[in-house]
Amino acid sequence: MNSLLRSLTINTCGNFHTLLSRSLSRTAPNMIQSSETSLPFDYDGAPIESSIRKKLTESLSPMHLEIVNESYMHNTPDSETHFKLLIISTAFLNKSPIQRHRMVYELLDEELKKGVHALSIVAKTPDQWHEGKRDISPSPKCRGGFGK
Amino acid sequence: MNVMRSSYRPFKLAQQFLNFSADASGKLKEIEQMVKNNKVVVFMKGVPDAPRCGFSNAVVQILRMHDVKYDAHDVLADESLRNGIKEFSSWPTIPQVFIDGEFVGGCDILLQMHQNGELIDQLQKAGISSALLKEAVEGDKKNDK
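Residues numbered from 1 in each chain as written. Chains lettered and ligands numbered in written order. Predicted model: local features only at pLDDT ≥ 70, side-chain atom pairs only at ≥ 80, totals over all residues. Heavy atoms only, no water.

A. Geometry of the overall build of chain B. Of the regular secondary structure elements, chain B holds six helices and six strands. When its helices and strands are written in sequence order, chain B yields α-β-β-β-α-β-α-β-β-α-α-α. Classification of the 145 residues of chain B by burial places 46% in the buried group. Put simply, 59% of the contacts in chain B that link residues at least 6 apart link residues at least 24 apart. Summed over its atoms, the accessible surface of chain B is roughly 8000 Å², and 52% of this surface lies on carbon and sulfur atoms. (Helix = DSSP H or I, 4+ residues; strand = E, 2+ residues; numbered from the N terminus. Buried < 20%, exposed > 50% of the residue type's maximum accessible area, 1.4 Å probe, protein only. Contact = heavy atoms within 4.5 Å. Areas by Shrake-Rupley, 256 points an atom, 1.4 Å probe, with all protein chains shown as cover.)

This is the structure in C-alpha cells:
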C-alpha cells in the first residue's frame, strides 16, 4: 500500500521535475558546503536571496542549504517573490513539520513582510536526508494570482 | 482652533485603532467558527474549480485524490480573511488546511503527509475514509485471490 501511495504524484506538477533540477543546478555554485565557505551575503543583485541565505546560515547552521528563486515561474519575473528552500540542519531534530516551517517563517519574517509571498520549504535533519527521504516535489505551476 | 485640532487628531486615531482592533478580533472569531464548520476546511486563492495559485491547486488536487469533501474559502475575495487567517494560525502563507479544527499546514506539509501516508491516518482520525485507502484495500483483496 505504501508503494502505491508513493507512486502517486500530483498530476499538475509532473513536468516541473526538470525545471527544478535545472534551477537547482544553476544555483549549485552558490551552495553552502561548509561554514568556512565565503558567501556572497552582500550580493546586491539579489538582496532578498542574500538576506535569506545569511539569516538561515547564521541561525540554523545548515549542513546544506539551497535557495531557488522561482519568481521566474510566475507573473513576477526578475523579482524576488517566490522561493523554494532546501534546508538540512540538526536544528530540526525532534521538531514536527509545522514547527520546522514556523522556525523558518520566524527567521524570515522581515522578508515575508517585504514582499516574499511564496516560500516552499523542505526542512530535513541530516539523518532524514541520508536515509534517502528526498521527497522534494517540484513547485506547482502558477495559476495567475497576479502577485497576490 | 489649533488646540482643538491637536487634541482631536489623537482621539480620532485612537478611535480608528480601536475600531480596527474590534474588526480584527471579530474576524478571528469568525475564522474560529469557519474552521470548525466542517471536518476539512481549506483557505486558498481562488475556488476549487478554478484555483488561482499553484500551491492552492496542489492542495485541491491532493484532497480530490482522497475524495475528501471540504469547505473552501477564497482569500482573494476577502482581504480581511486573507490577513485574518494568517494571524489566526500564525502562518504567513496561503493555502492553509485544517482537519477537525486543527491547523495541519500548507501545501508542502499536506504533500508530505500525502506521500508518507500520514494524511490517510489523519483523515481517519477525523472519521473520513480516504478514497486511496479504499482503493488500496480493494487492490490487496484482488491480489489475495
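Having seen the structure, we can now continue with the description.
B. Just the pairing of strand β6 (residues 102-105) of chain B, in detail. Residues and elements named next belong to chain B. Bridge analysis of strand β5 (residues 96-99) against β6 gives three bridges, and the strand direction is antiparallel. Counterpart to phenylalanine 98 in the pairing with β6 is phenylalanine 103. Linking β5 back to β6 in an antiparallel pair, the connection comprises two residues, with aspartate 100 at a positive phi of about 55°. (Pairing = 2+ DSSP bridges.)

C. Focus on the sheet that holds β5(B). All names here are of chain B. Reading across the sheet, the four strands line up as β4-β1-β5-β6 and stay open at both edges, with mixed pairing between neighbours. Each of the sheet's edge strands pairs with one partner strand only, and the pair in question is β4 (71-74) and β6. Taken over all neighbouring pairs, the strand axes of this sheet differ in orientation by 25° on average, direction set aside. (Axes fitted to C-alpha atoms, helices over the stretch in contact; angles between N-to-C directions.)

D. Representation of the packing of helix α2 (residues 54-65) of chain B against helix α4 (residues 107-116) of chain B in the model. Residues and elements named next belong to chain B. Relative to each other, α2 and α4 sit at 30°, their axes nearing to 9 Å. By the criterion of interaxial angle, the relationship of α2 to α4 is roughly parallel. Every pair of crossing elements has a handedness; the one defined by α2 and α4 is left-handed. Contacts between α2 and α4 involve Phe55, Ala58, Val59, Ile62, Leu63 and Met65 from the first element and Cys107, Leu110, Leu111 and His114 from the second. A breakdown of the residues in the contact of α2 with α4 according to their chemical character gives nine nonpolar, one polar and no charged. (Parallel < 35°, antiparallel > 145°, perpendicular 65-115°, else oblique. Left-handed = near helix turned anticlockwise from the far one by under 90°. Nonpolar A, V, L, I, M, F, W, Y, C, P; charged D, E, K, R; others polar.)

E. Here's a closer look at the packing of aromatic side chains. Residues and elements named next belong to chain B. Taken as a whole and judged by the stated rule, the model has five aromatic pairs over all chains. Geometrically, the ring pair formed by phenylalanine 43 and phenylalanine 98 is edge-to-face, given 5.7 Å between the ring centres and 75° between the ring planes. Highlighted residues: phenylalanine 43 in strand β1 (residues 40-44) and phenylalanine 98 in strand β5, separated in sequence by 55 residues. Phenylalanine 98 shares its class with phenylalanine 43; the two are buried. On the numbers, 4.9 Å between centres and 65° between planes, the contact of tryptophan 91 with phenylalanine 103 is edge-to-face. One end of the pair, tryptophan 91, is in the loop between α3 (79-89) and β5; the other, phenylalanine 103, is in strand β6, and twelve residues separate them in sequence. (Phe/Tyr/Trp six-rings, centres within 6.5 Å; stacked < 30°, edge-to-face > 60°.)

F. How the structure looks around unusual backbone geometry. All names here are of chain B. Along the chain, isoleucine 94 connects to proline 95 via a cis peptide bond; the corresponding omega equals 10°. Take proline 95: it is sitting in the loop between α3 and β5. Even without being glycine, aspartate 67 reaches a positive phi, approximately 55°. Along the chain, aspartate 67 falls in the loop between α2 and β4.

G. Spatial organisation of the environment of Gln96(B). All names here are of chain B. Examined against the element boundaries, glutamine 96 turns out to sit in strand β5. We classify glutamine 96 as buried; its relative accessible area is 0%. Along the chain, glutamine 96 and methionine 44 lie 52 residues apart, while their C-alpha atoms are 6.8 Å from each other. Leaving out residues up to four positions away in the same chain, glutamine 96 has contacts with Val41, Val42, Phe43, Ile85, Lys86, Ser89, Trp91, Phe103 and Gly105.

H. Seen up close, the layout of surface pockets. Roughly 430 Å³ of internal volume is contained in the second largest pocket. Lining the second largest pocket we find 18 residues, and of these Asp109(A), Leu112(A), Lys86(B), Trp91(B) and Pro92(B) sit closest to its centre. Looking at the lining of the second largest pocket, the elements that each hand over two or more residues are α4 (97-107) and α5 (109-114) of chain A together with α3 of chain B. Tallying contributions element by element places α3(B) first for the lining of the second largest pocket, with four residues. Partitioning the lining of the second largest pocket into residue classes produces six nonpolar, four polar and eight charged. (1 Å grid on protein atoms, 1.4 Å probe; cavity = no way out; pocket = protein on both sides within 12 Å on 5 of 7 lines; lining within 4 Å. Points joined across faces, edges and corners; volume = space filled by probe spheres on them.)

I. How the structure looks around the pairing of strand β2 (residues 82-88) of chain A. Residue and element names in this part refer to chain A. For β2, the tally of buried residues reaches seven of seven residues, placing the bulk of the element in the interior. Neither face of β2 is left uncovered, since the one carrying His82, Lys84, Leu86 and Ile88 and the one carrying Phe83, Leu85 and Ile87 both have all their residues buried. Sheet analysis places strand β1 (residues 64-69) next to β2, joined by six bridges and oriented antiparallel. Bridge pairing in β2 links leucine 65 to isoleucine 87. Summarising the sheet, β2 and strand β3 (residues 118-124) pair through seven bridges and their orientation is parallel. Directly across from lysine 84, in β3, lies its bridge partner serine 120.

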